[in-house]
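Analysis of the macromolecular model
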Amino acid sequence: MIDVLDYTLEEFGEVKYLEYRDLIGLALKALEATPTAGKHQPEIHPDAWTYHIARPGRKARHLFLYRI
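Below or above, wherever it landed, is the structure these notes cover. (Residues numbered from 1 in each chain as written. Predicted model: local features only at pLDDT ≥ 70, side-chain atom pairs only at ≥ 80, totals over all residues. Heavy atoms only, no water.)

Digging into the overall build of the protein
For the protein, the helix and strand inventory stands at 2 helices and 3 strands. Start at the N end of the protein and walk to the C end: the helices and strands fall as α-α-β-β-β. Considered along the principal axes of its C-alpha atoms, the protein spans approximately 40 × 20 × 15 Å. Out of the 68 residues in the protein, the part that is buried amounts to 26%. Long-range contacts, defined as pairs at least 24 residues apart, comprise 31% of the intrachain contacts of the protein with a sequence gap of at least 6. Accessible area of the protein: about 5,300 Å², with a carbon and sulfur share of 57%. Side-chain charges in the protein split into 9 positive and 10 negative, and the spacing between the mean points of these groups amounts to 9 Å. (Helix = DSSP H or I, 4+ residues; strand = E, 2+ residues; numbered from the N terminus. Buried < 20%, exposed > 50% of the residue type's maximum accessible area, 1.4 Å probe, protein only. Contact = heavy atoms within 4.5 Å. Areas by Shrake-Rupley, 256 points an atom, 1.4 Å probe, with all protein chains shown as cover. Lys, Arg positive; Asp, Glu negative; His and termini not counted. Charge placed at Lys NZ, Arg CZ, Asp CG, Glu CD.)

A closer look at the pairing of strand β2 (residues 48–52)
Of all 5 residues in β2, 4 are buried, a share of seventy percent or more. Pairing between β2 and strand β3 (residues 63–67): 5 bridges, direction antiparallel. Each bridged residue has a counterpart across the sheet, and for Trp 49 the counterpart in β3 is Tyr 66. (Pairing = 2+ DSSP bridges.)

Things to note about the environment of Leu 63
By the element assignment, Leu 63 lies in strand β3. A C-alpha to C-alpha distance of 9.7 Å links Leu 63 and Trp 49, two positions 14 residues apart in sequence. When sequence neighbours within four positions are dropped, the list of residues in contact with Leu 63 reads Thr 50, Tyr 51 and His 52.

Section: the sheet that holds β2
Spatially, β1-β2-β3 is the arrangement adopted by the 3 strands of the open sheet, whose pairing is antiparallel. One side of each edge strand has no neighbouring strand; the edge strands of this open sheet are β1 (39–40) and β3.

See the structure below:
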C-alpha cells in the first residue's frame, strides 16, 4: 500500500494522494469491522476474498485481495 500511495503522490499530486489514502483507510476499517464484507473468491484460492475500495461518490479501481 505504501508503494501505491507513493506512486499516487508522484503521479497525481497531494490532493489525490490524500483522497486515496483516506479511501484505503475507510476500506481497511470496514474490513476490520466485517471481514466478510468482501466477496469470497474460491476460484482464486479457497481462502481468497476481494473487497472493492470504492465507496459511494468516491471512485476507485482497486481491490484488496485478502484472506480471513
